[in-house]
Amino acid sequence: MAVDPADYRCSLLAMQLADEWTEYVAATAIKEQARSYESAIDRLCRYVEKVLGDEAEGASLADPDLFDTLVQWELSLPEGNAPSSTKPYMLASSLRVLIVRRDDHPDREVSPALARLARGPTLVSCGERTERDEFTREEKRALVRAAWESAHATRKRLEAGWALAEQGRHRDQGCWTSVPHLLWGLAHDEISVDDLRRLLPPSREWPQELVEFTAGPGKAPQPHVARLQLARRLLASLYPTALDLHAFRILLMDATGYTSEEVTGFGETEVEFLPKGVRLTLLKNRGGHLRHRAFRDQSLSDVPAADGDAGGHLVVNWPRREASEVVRQLLDLTARVRAKAAHVTDTLFVNAAVRPGYITVFDRWTPGRSRANFGHWLDAMGVEVKGERHIGRLRKSTKVEKTIVTEGRIGAAADDHTEETFANHYAQGTTLRILSGRTIATAQQHWFDQALDRVDGPTVVSGTEDIDQGLLEDTGLSAQEADDIMTGQLDMGVSHCKNPYQSPFSRPGELCAVAPLRCLECRNAWILPSNLPQLLLFQVHLERLRTLLAPRAFTRLWGQSWVNLHAVLDDRTPEELAQARKHIEAGQAVLDLPLAAHTEFDA
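Our subject in this report is the structure included herewith. (Residues numbered from 1 in each chain as written. Predicted model: local features only at pLDDT ≥ 70, side-chain atom pairs only at ≥ 80, totals over all residues. Heavy atoms only, no water.)

## Details of the overall build of the protein
Helix and strand counts for the protein come out as 25 helices and ten strands. A total of 603 residues make up the protein; the buried ones form 43% of that total. Of all intrachain contacts in the protein linking residues separated by at least 6 positions in sequence, the fraction that spans at least 24 positions is 61%. Of the roughly 32900 Å² of accessible surface on the protein, 51% is carried by carbon and sulfur atoms. (Helix = DSSP H or I, 4+ residues; strand = E, 2+ residues; numbered from the N terminus. Buried < 20%, exposed > 50% of the residue type's maximum accessible area, 1.4 Å probe, protein only. Contact = heavy atoms within 4.5 Å. Areas by Shrake-Rupley, 256 points an atom, 1.4 Å probe, with all protein chains shown as cover.)

And the structure:
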């Protein structure tokens, strides 16, 4: 337990919280999150000592006088943090969990006032968490291709190292400045890296072969670190290093779609090879989920053509997204390290390293180590990415691909977590936002096109010359319909109707019940030049209604007719409009409207 109550004057309060913290960590098996509880206890105890002074010795969760101090401590947490920081909320929530846990125990006393405070909402905001964006498709392809190149290069380096070691001899028969002899000694545990420190001559006395092996062609090692640099170079010729394993993590995340934590958290006993794939047991510590997943190999039709052939052997240079192939290579690559690190059984990601002090270590992989983290691997492989260099972005890229394949179905994309988790952590990526925008724009364009294709207004036949039956037939009317319009049998007042018994406003077969009030909104209406006087009269009627009805009511009832009417009138020439007004003034044009049209505004 990192929290020692003896370190604080308020030892009783520290002991109460530390006991709850110890039990909580043991019960939940949390690891990284446990630090927030430790930090909350330490911050509170130091604050209590600062505020209460000598009275801090009597501070206890059973004392109701601690209420004000606890409130002030929580309100002081945002000091020294950014306004959007989540740390104050995390500390406040952690402490409240411990108090609630103690209050739930029947034999442990907690002041009712403190218990109510702990069970209520926190006094600080939860802050804002910036979600990482996914790698772009181009960046992801570059990562996967570089990972395959790195994996192949690692395999060739180790094969060459062990082949060179077989050319060496025992140290009693060999030379301490010969690379094959040194490799042989390390490979057969006849010498240790500490022997290199003690027995190797100074670097100025090394042969050129050893100098170039240590520092590279045309370079010379620094004398004070030459032996350590040589030891690391020799060990890297026989065993995979921390930098090498980044490639296999990338390939497994790409092939399986699971998190970094899961693809690096299964051992040899959790691998079962199938006739056409592999079954893996994946553990997600944060969610406590244990999954058994089978990953099938690609069929021959899915595999692209080979780049060439050498001596009748197929040369495969393309990235194959097969989990079984990656696992096989990883098992083979780390076999010798796992034999020397028998204590590590829960992961295949193990590597060899030479620590300062010439200590050889065969242990589990720690990808966050300095000089061997994900960013250093990107630099070593020449891969450029924009934004944060974090492996979690690759997981999000895989989620985006899955969302695209499943056509945006969250239930299918969130197959290894909840839909809420998907919405909070994966649906915020740039690619999905762009795709969502495109989907919305496409849907809007579809319905806009549908609206344009649908005829909801009248057909206007314009022209200053006389309208004959042939012209009407050319506009889409049958001979009978054109003849009925010419003879005035289909005159509805402000327009002619193609078929008053097929009105969109009435049941099929029934006579239209809304003519002529809705003719300007009807697809059956045909407006001829002779209807212009009635249209002007109808305009006067609508203008009157517009002054009597509320704007919202007028738009709802007559908005479409008003727009269509003005569209028809705007197409008429001033001469046509003047002639129509003369007909009205001479009493030759009358607009017959039902009585309801004059009383509607009273409603």
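From this point, the narrative continues.
## Remarks on the sheet that holds strand E9 (residues 496-497)
Pairing between the strands of a sheet is mediated by backbone hydrogen bonds and can be parallel or antiparallel. Ordered in space as E8-E10-E9, the three strands form an open sheet in which the pairing is mixed. Every other strand in the sheet has two partners, leaving strand E8 (459-460) and E9 as the edge strands with one partner each. Pairing of E9 with strand E10 (residues 525-527), which is carried by two bridges, proceeds in the antiparallel orientation. By the bridge assignment for E10, His496 is matched with Trp526. (Pairing = 2+ DSSP bridges.)

## Some words on helix H21 (residues 479-486)
Along H21, the residues classified as buried are Glu481, Ala482, Asp484 and Ile485. One face of H21 carries all of its buried residues, which in axial projection span an arc of 160°. In the segment just after H21, Gly488 is the residue with positive phi, at about 85°. (Arc of directions from axis to C-beta.)

## Observations concerning the nonpolar core
Soluble globular proteins: nonpolar side chains tend toward being buried together. Of all hydrophobic cores here, the largest spans 42 residues; its most connected members are Leu143 and Trp377. Contributing elements (two or more residues each) for this core: helix H6 (137-165), helix H11 (245-256), strand E2 (277-284), helix H13 (323-333) and helix H15 (374-381). With eight residues, the single largest contributor to this core is H11. Leaving out residues up to four positions away in the same chain, Trp377 has contacts with Leu143, Ala146, Ala147, Ser150, Leu243, His246, Ala247 and Ile250. One finds Ala14, Tyr24, Ala40 and Ala92 within the second-largest nonpolar core, a separate group that totals 34 residues. (Core = buried A, V, L, I, M, F, W, Y, C linked by side-chain atoms within 4.5 Å.)

## Examining the packing of aromatic side chains
Applying the stated rule across the entire model yields eight aromatic pairs. Note on Tyr24 and Tyr37: the rings are 5.2 Å apart at their centroids and 55° apart in plane angle, and the pair reads as tilted. Placement of the pair is Tyr24 in helix H1 (residues 11-28) and Tyr37 in helix H2 (residues 34-52), with a sequence separation of 13 residues. Exposure class is identical for Tyr24 and Tyr37. Each is buried. Three or more aromatic residues joined by ring pairs form one cluster here, namely Trp162, Tyr239 and Phe362. Just above the ring of Trp162 sits the side chain of Arg336; from NZ or CZ to the centre is 3.9 Å. (Phe/Tyr/Trp six-rings, centres within 6.5 Å; stacked < 30°, edge-to-face > 60°. Lys NZ or Arg CZ within 6 Å of the ring centre and 35° of its normal.)

## Comments concerning the pairing of E2
With six of eight residues buried, E2 lies mostly within the body of the structure. When strand E1 (residues 271-274) meets E2, the two strands line up antiparallel, connected through four bridges. When the sheet's bridge partners are listed, Val271 is paired in E2 with Leu280. The loop that links E1 with its antiparallel partner E2 comprises two residues.

## A look at the pattern of salt bridges
In total, this model carries 24 salt bridges according to the counting rule given. Residue Arg101 pairs with Glu20 through a salt bridge whose shortest N-O separation is 3.5 Å. Of this pair, Arg101 sits in helix H4 (residues 87-104) while Glu20 is found in helix H1, placing the two residues 81 residues apart along the sequence. For Arg101, a relative accessible area of 28% puts it in the partly exposed group. As a salt-bridge pair, Glu20 and Arg108 come within 2.6 Å of each other at their nearest N and O atoms. Here Glu20, found in helix H1, pairs with Arg108, found in the loop between H4 and helix H5 (112-119); they are 88 residues apart in sequence, far enough to count as distant. Owing to a relative accessible area of 0%, Glu20 belongs among the buried residues under this scheme. Through salt bridges that share partners, Glu20, Glu23, Arg101, Arg102 and Arg108 make up one connected network. (Salt bridge = Lys/Arg side-chain N within 4 Å of Asp/Glu carboxyl O.)

## Comments concerning the packing of H6 against helix H7 (residues 179-187)
Where H6 contacts H7, the axes come no closer than 7 Å and their chain directions differ by 100°. Taken as axis vectors, H6 and H7 run roughly perpendicular relative to one another. Of H7, the residues touching H6 (which contributes Gly161, Trp162, Leu164 and Ala165) are Val179, Pro180, Leu183, Trp184 and Ala187. The residue makeup of the contact of H6 with H7, split by class, is eight nonpolar, one polar and no charged. (Axes fitted to C-alpha atoms, helices over the stretch in contact; angles between N-to-C directions. Parallel < 35°, antiparallel > 145°, perpendicular 65-115°, else oblique. Nonpolar A, V, L, I, M, F, W, Y, C, P; charged D, E, K, R; others polar.)

## Some points on the side chain of Glu262
Relative to the assigned elements, Glu262 resides in helix H12 (residues 260-263). Engagement of the side chain of Glu262 in a polar contact is seen with the side chain of Thr259, the distance being 2.9 Å. (Polar contact = N/O pair within 3.5 Å; in protein donor to acceptor, adjacent residues only side chain to side chain.)

## Describing unusual backbone geometry
Between Ala515 and the following residue, Pro516, the backbone shows a cis peptide bond with an omega angle of 0°. Here Pro516 is to be found in the loop between E9 and E10. One non-glycine residue with positive phi stands out, namely Asp189, at about 55°. When you line up the elements, Asp189 lands in the loop between H7 and helix H8 (193-199). The phi dihedral of Tyr358 is positive, around 60°, even though this residue is not glycine. Here Tyr358 shows up in the loop between strand E6 (350-355) and strand E7 (359-364). According to the relative accessible area criterion, Tyr358 is buried, its value standing at 15%.

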